Amino acid sequence: MKRRTKEASSLNRPEFIQKIPKMDVGGSCNSVNLEFTPRQYQVELFEESCRRNVIICLETGAGKTFIATMLIKELSWQVRGEFGLGSTGKRTFFLARTVPLAEQQARYLQMHTSLRIKHYIGSMNVDLWDRVKWRAELSSTQVFVMTPQILVDMLAHAYITMENINLLVFDECHHAVGNHPFRVIMRSFIGLKHGDRPRVLGLTGCLFNGKIPPSKLEKKVTDLECTLFSAVVTSIYDISKYSTAPKEELIVAPTRPKTNFETRMGLKLQDFYREMGRILPEMARGDVGFVEDKPRDGSLSVEDLGHCLQTLGVYGLFHLSSLILEDNEQREMLKTEYSLSLLTEIRNDTASYVDSLSDTICSPKLKKLLRLLEAFLGQFGDDFCGIIFVERRYTATIIERALEFFKPFVEELEHVRCEHVIGQSTRPELLRESKMTAKQQIDAMARFRSGQSNLLIATNIVEEGIDVPQCNFVCKFDRPMDFRSYVQSKGRARAKPSFYFVVLDEESERDYLADLNNYKDTEAFIKDFKHGRLLPSERQSEESFDDGVAVPEYAPFPGASSPRVTMYSAVPLVHKYCGKLPSDQYCSLTPTCDIRQVSGGLYVATITLPSNSVLKTPVSGTGWPTISAAKASAAIATCKLLHQLKELDDNLLPVSDEPYKEMAEMQLKIPSGGSWYKKTVPCAFSGPLRGQSKRLLYAINQVLIDPSFSELPTFVTSSYKFGVLLSDHVNLPDFLIYSHFGTENIRLSFVREVLISEEDILRMVHFSEYIFSTLLKLKNFELDRTRYEIDAFLVYLDELGELVSPYEIAESEQDAVVTVSHAPGAEYFVIGVSENETASSPFVKPEFDSYGHYFSSKYRVQVDDWHQPLVLCKQVPKRLNFHVKTKPTSDAKPATQFFPKYLQQLCKRKRYSAHLLYRAQCIPSILHRIFSLLNAESLARDALACLIDESRLSRRKQFKFHTFVPSPYREDLTRVLLSQTQIADETTLGPHPAEVLRSITLKNAHSGEGFDLERNEILGDAFLKFSLSTALFCQYPEQDEGKLTVRKNRLLSNAYLANISLEKGLQHIIVSQNFSVKENWLPPRVTECANDPRSHHQLFGKSLADVVEALIGCFHQRMGVQPTLTFMHKWLHLPVLPESGRYFPPPCSTIVPTQDRHSVTRLLSGLGEFERSLGYIFRDKLYLLQAFTHSSYSKNRVTDNYQRLEFLGDALLDYLVTKHIFKACDLLSPGNLTRLRSALVNNVLFSSLAVRHGFHRHLLHLAPLLYSQIQDYIQVLKSYAKTGEESAVVTFSDDLFKSENPPVLVEDPKPLGDIFESVAGAIFLDSGFNLDTVWGVYYPMLADVIQRYSKNIPISPVSQIFEAFPEKVVFKALESTSEAISVIELTVSGHGSFIGRAPNSKTAKRAAAKIALKALCS
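Residues numbered from 1 in each chain as written. Predicted model: local features only at pLDDT ≥ 70, side-chain atom pairs only at ≥ 80, totals over all residues. Heavy atoms only, no water.

Enquirer: Just checking my understanding: could you explain the nonpolar core for this structure?
Expert: Note that soluble globular proteins tend to have their nonpolar side chains buried in a common cluster. Ranked by size, the top nonpolar core spans 171 residues in total, and within it F1255 and Y1338 carry the most contacts. Dropping the residues within four chain positions of it, F1255 is found in contact with F1170, L1174, F1188, A1250, I1315, F1316, V1319, Y1338 and M1341. Judged by nonpolar contacts, the second largest core, of 134 residues, contains Y108, L138, L201 and V462. (Core = buried A, V, L, I, M, F, W, Y, C linked by side-chain atoms within 4.5 Å. Buried < 20%, exposed > 50% of the residue type's maximum accessible area, 1.4 Å probe, protein only. Contact = heavy atoms within 4.5 Å.)

Pasting the structure below:
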């Protein structure tokens, strides 16, 4: 549109405004009266309400809530006691018809009473609260302010009874007619004793709804009195001095002839309506409403185009057509390109006409409103405060835009600060601009009350009850259609002076004047109302509830206070149940209801629930004389069946997706901060040892297989070795350690059985003390000389395996440990004595003449003998962790001559030999590894007992495992040559002990152990998720995806898996720490202390859970699918198999009734082509039909929708992809393996693959928004694709932005990824759980992506930005101008802010990160 320039206004000041005198406004009109000083009439009415049930009728602003507050305080003694106990344990209920009114009244009561008051609204999910939750609320709250349906539900489900209520306050009680919740609540009075009924107080500013002829006014009052068991009361005092009487004016817009342009637009609208009439019935058949008798075709805004042209003119038609075209959901309602082009043409033509600034761009009615505002603002200026009431939501939006549009032309409009309030709604058929969230409403009203805005354009939501400032201008842009609307809208003009205008077309003037006379008569009737009316009799009240029909209720439990489903609660309960069924943003699941007339003039209703309900068959009620009763009968029958199917709980509420009672969350047996657990000593090292006991002697053989030096000292190759006495035979693989002199192979070999005497025990105790205290210099430990239950008695052996005393071994110069006088505290291995070099030999540095010169100059040593030989030494390193290889300084191996050389006179020999110290230094690492391997082998044997027979288990005890190489990744294992026989035998006999050890070694211990559980955990996590999903899918065929997900998440939770870990005792054998001899290792037989990190370790729940997943991965890697499932079922007690120990049978395929076979044939049409392209022909085609059925596609009544299959397929593809990359990418670190898995298993990639392979063409749905999103997505994919490709394959690191300014990141439509997964689930079931078949179909679709991503792993842009700018990144949600777009701001400290836009916040966050990376890292 053209930019407008300010010029003289063509909107002339209307003559009647000249009649408005200049008035002194007398202060701000933007204040809300909050005084709490009773007026005379309020005291009178309060006293009347204390005596009996009353309905107080006072005009808006006369202080009805004040009277209610005084009555609540007067009766407060009845609610201050413990709930349910006697006359003081009752509760008060204040019922407000709308959410804003409930919140407002709660604030008022909290301000003026000392009672405990809370408000309750539907958005708090109170309809899902159970008896325990409500009991807690009833115990803690004394006054409940709520919308009435909540109390209806509480009474229906017997959370409270009328006997426990002392006072019912009905705000705007004139609504208590028909099936309104007010009337349903009062129906509970029937049959109650008078003393058990609560006091009733009705509040209203208008006794009537609708147009009531004067002759029927008395009957309507009586009916209301009977309904509320109350009498209407008014005051004998004159209250006019407390109220206002605004001046009323009728503004009539004259009819003018249509312009040629308007006529042409009318013809185009007729063409548009004809096209829409052709396509809308097809849409309507897919979504038939339950309560409404007409189809919810979603065409509300489309049909209003003609009305908009008539009431608002070309300007209004331009904006409404623009709003429809800008709204994705409304745009999709147009359905065809032709209808879209017609509406686009209308929008473009009207835009040009509006730009022309013709005098006829507005309707006469809109022009009258603008002139009225111009004149009124000119009079009141900044003291202006007003409300414009409109009937339709979009009218409020367009009038607000019109005021902004005409501001440059009308100087007085500069005073307008406008807001609009149109109520809260989530109905999909409404324009996006015609919806408001609760927060938006609250904020708009707050700005109006505070004076930030001075004009409110509102629907009738503001007419009743809500506090607004005292306005001097109130205008009804659409005529009030009943007395209530007239009285309550006029009541908003409360300033002195104030004006009430009604703007009409000339054609409506006559009808409105007739209505106005009726309204005036009704006002006079209320003013002349007689004081002192009597209460209705019991009989009159009970007869008022006799509707002529009484559909039997469903009460499964005896007792008057038990929960029940009535004809009034049944229909809402069915809707509530459907609302709990799994759905997505593209559809709102609703039941359908067919009404047919049968003989005798009766009606029978048949309800059909959405396809993903457990109740698949339609449910019919019995015949009734009215349609509403027939619907209620069918709804009650439906609720009865749902209760029997356990879809409704015993409170007759939909079963929540929260964990069921039998699935209540297990309490983690360790606190959130972790717990300390004692490290287990293997069985072979335990057992009482007394004099004359037999023990098994094992030699610890050390062989240097990869020396670090080209020449080795003799003590390194010494034949002496350590031995250990064990209580049982052990079978361990060889393993490696990395000592000071190179890589050594450690083998534990059986020598013989020995008899131990008491003297032997004492000698071994002394030997242990000598090793650990003297040689290794370990401190802060004390040997327990009395406790022999846990023993690793060390002995020293010669090359023949005979026990020798290390103190008696002949010493030599080549086997010595020395200290050097000038370096106290340090010890040195003597590598050799240089016979050719003496103290007089030249020193290596030219500044010293000789070695003697160097030591005398540097350390002030007096050389005793210049011919003494030099001694080659290597300082004894302090490192005692030999599990991890030290990094070599160079590839070349140094020779011994490069060791330091010292004068012989400086070397003082220690009393122990070098070979003993060298071997002793290896002992902690060797014992630690033996302990770990024995614990791992014990775990493996225990688990294998449920998988293999005893003979194979015995073979495992003698089996020679291949050498264990403690490497973090697979590449180092290539150094170990394995025969095919070994591999086959190990597969038969279970996992290698070292692989089990890997699976119980936490990441924290990686640097100390050389490996950890992370890779096995990745595989185990995927297989656990898959196996549980499959078992749950088969075990609970009637449960929807939401309930299955709840069950699965609980079984996958860290709490559940950690408890399994604790039950199996894994907490005692887990390797959790980086091995440190001095910090977390104890020698055998050392006294232990609680929480001592040397004998205990601290574990957290996640670590315990990770070990369970890693063990699953370990067993799966070695033994395959079925044995691993058995291991999980029998040993871990995970419910992955039935008691038979074999797969759960798949759910039976749907049996198609004969009458439905034609519809099945129609539904399956075209899927044969997809099967051929897929390369798999289904035996049961219904699996494939289900896989493509979206929840919005109600035409498929044969199968469920795809959600259950998607639940299965998601876990299936995750497992298959993880299994493949686990084997194919064995060189990847666990971190990169996880990143690759995430890049290959996500909805972004699956959606693009679904488009590439044509899945989207077969998706069955009736969701307009989904059509639009798929279309946008495909267009962006094509623009992103490489030349020659049909569409791109993308992941979360790719840039899929719409070419808009500012750019918007395109969201991948989730259903596309869902069907990619659901088809996999369908193949899995159809093939009889054949994993190879599924992978054979899906691997060709994934192969090139796997290969490409394996070489260059995509990383989430959010992760990239955090890695690039650690601790500098902050994401923040911003308010969006459109509900369809989320806006996220990313701030990088020191580099600025970046804005991301997308259809949801998660995608918008990704968009912001992409934009930031492109700006900062490109």
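Back to the text.
Enquirer: Hey, could you run me through the packing of aromatic side chains in this one?
Expert: Each aromatic ring pair is characterised by the separation of its centres together with the angle its planes make. Counting across every chain of the model gives 67 aromatic pairs. These aromatic residues form a ring-pair network of at least three members: Y828, F843, F848, Y851, Y854, F855, Y859 and Y902. (Phe/Tyr/Trp six-rings, centres within 6.5 Å; stacked < 30°, edge-to-face > 60°.)

Enquirer: What is the right way to look at helix α22 (residues 851-859) in this model?
Expert: Since the α-helix advances by 3.6 residues per turn, residues separated by three or four positions end up pointing in the same direction. Along α22, the residues that are buried comprise Y851, G852, Y854 and F855. On an axial view of α22, the arc spanned by its buried residues comes to 160 degrees, and they lie on one face. Those residues of α22 that are buried are in contact with β24 (823-838), β25 (869-875) and β26 (901-903). Phi turns positive one or two residues past the end of α22, at R860, with a value near 55 degrees. (Helix = DSSP H or I, 4+ residues; strand = E, 2+ residues; numbered from the N terminus. Arc of directions from axis to C-beta.)

Enquirer: What should I look at first to understand the sheet that holds strand β31 (residues 1369-1374) in this one?
Expert: Consider a sheet: its strands pair through backbone hydrogen bonds, and that pairing is either parallel or antiparallel. With respect to topology, 3 strands assemble into an open sheet ordered β31-β32-β33, the strand pairing being antiparallel. The outermost strands of the open sheet, each flanked by one partner alone, are β31 and β33 (1392-1398). Averaged over neighbouring strand pairs, the angle between their axes works out to 25 degrees when direction is ignored. Strand direction decides the pairing type here: β31 and strand β32 (residues 1382-1388), joined by 6 bridges, are antiparallel. (Pairing = 2+ DSSP bridges. Axes fitted to C-alpha atoms, helices over the stretch in contact; angles between N-to-C directions.)

Enquirer: Looking at this structure, I do not really get the sheet that holds strand β21 (residues 742-756). What am I missing?
Expert: Strand order across the open sheet formed by 5 strands is β20-β21-β18-β19-β22, with antiparallel pairing between neighbours. Looking at strand neighbours, the two that pair on one side only are β20 (735-739) and β22 (794-797), the edges of this open sheet. Neighbour to neighbour, the strand axes of the sheet diverge by 40 degrees on average, direction disregarded. In the sheet, β20 pairs with β21 via 5 bridges, with the strands oriented antiparallel. Within the sheet, the bridge partner assigned to I737 lies in β21 and is E744. Helix-sheet contacts for helix α21 (residues 758-775) involve β19 (721-726), β21 and β22, and the interaxial angle to β22 is about 90 degrees.

Enquirer: How should the pairing of β25 be read in this particular structure?
Expert: The two faces of the sheet receive side chains in turn, since in a regular strand these alternate between them. Most of β25 sits out of view: 6 of its 7 residues are buried. Where β25 lies against β26, 3 bridges are found, and the strand directions are antiparallel. Pairing of V871 across the sheet is with Y902, part of β26.

Enquirer: Please explain the packing of helix α13 (residues 364-380) against helix α14 (residues 393-406) as it appears in this structure.
Expert: Describing two packed helices takes the angle between their axes plus the distance from one axis to the other. Direction vectors running N to C along α13 and α14 enclose 60 degrees, while the axes themselves pass 12 Å from each other. In this view, α13 runs oblique relative to α14, as classed from their interaxial angle. The crossing of α13 and α14 is right-handed. Contact with α13, carried on its side by L366, L369, L370 and L373, involves I399, L403 and F406 of α14 and no other residues of that element. Class assignment for the residues of the contact of α13 with α14 results in 7 nonpolar, no polar and no charged. (Parallel < 35°, antiparallel > 145°, perpendicular 65-115°, else oblique. Left-handed = near helix turned anticlockwise from the far one by under 90°. Nonpolar A, V, L, I, M, F, W, Y, C, P; charged D, E, K, R; others polar.)

Enquirer: Hey, could you run me through the environment of L696 in this one?
Expert: Following the sequence through the fold, L696 ends up in strand β18 (residues 693-707). With 59 residues separating them in the primary sequence, L696 and L755 have C-alpha atoms 8.9 Å apart.

Enquirer: Got a minute to help me understand the environment of R1204 in this structure?
Expert: As for its placement among the helices and strands, R1204 is situated in helix α37 (residues 1203-1224). Of note is the side chain of R1204, whose polar atom sits 2.9 Å from the backbone oxygen of Y1036. (Polar contact = N/O pair within 3.5 Å; in protein donor to acceptor, adjacent residues only side chain to side chain.)

Enquirer: Just to check I follow, could you spell out unusual backbone geometry for this structure?
Expert: Of note, the amide linkage connecting K496 to P497 takes the cis form, showing an omega dihedral of -5 degrees. Examined against the element boundaries, P497 turns out to sit in the loop between α16 (483-490) and β13 (499-505). At L652, a position not held by glycine, the phi torsion is positive, near 60 degrees. With respect to the helices and strands, the residue L652 is situated in the loop between α20 (627-644) and β17 (675-678). We classify L652 as buried; its relative accessible area is 0%. The phi dihedral of H1133 falls on the positive side, at around 60 degrees, and the residue is not glycine. Along the chain, H1133 turns up in the loop between α33 (1121-1131) and α34 (1157-1164). Taking relative accessible area as the criterion, H1133 reaches 49% and is therefore assigned partly exposed.

Enquirer: Can you help me understand helix α1 (residues 40-51) in this one?
Expert: With 12 residues, α1 ought to run about 16 Å at 1.5 Å a step, and its terminal C-alpha atoms sit 17 Å apart, in line with that. Along α1, the positions that sit buried rather than exposed are Y41, Q42, E44, L45, F46, E48 and S49. Here the buried face of α1 lies against β1 (54-57), α2 (64-74), β6 (199-204) and β7 (231-233). (Expected span 1.5 Å × (residues − 1).)

Enquirer: How should the packing of helix α28 (residues 1014-1035) against α37 be read in this particular structure?
Expert: Running from N to C, α28 and α37 point in directions that differ by 155 degrees, and their axes come no closer than 9 Å. Considering their axes alone, α28 and α37 lie roughly antiparallel with respect to each other. The chirality of how α28 crosses α37 is left-handed. Of the residues in α37, those in contact with R1015, N1016, I1018, L1019, A1022, F1023, K1025, F1026, S1029, T1030 and F1033 of α28 are R1204, L1205, F1207, L1208, D1210, A1211, L1212, D1214, Y1215, T1218, K1219 and F1222. A per-class count over the contact of α28 with α37 returns 13 nonpolar, 4 polar and 6 charged.

Enquirer: Can you help me understand the pairing of β17 in this one?
Expert: Covered by surrounding structure in β17 are S675 and Y677 only, the residues W676 and K678 on the alternate face being uncovered. Across 4 bridges, β17 lies against strand β28 (residues 1096-1099) in antiparallel orientation. From the neighbouring strand, W676 faces β28, where its bridge partner is Q1098.

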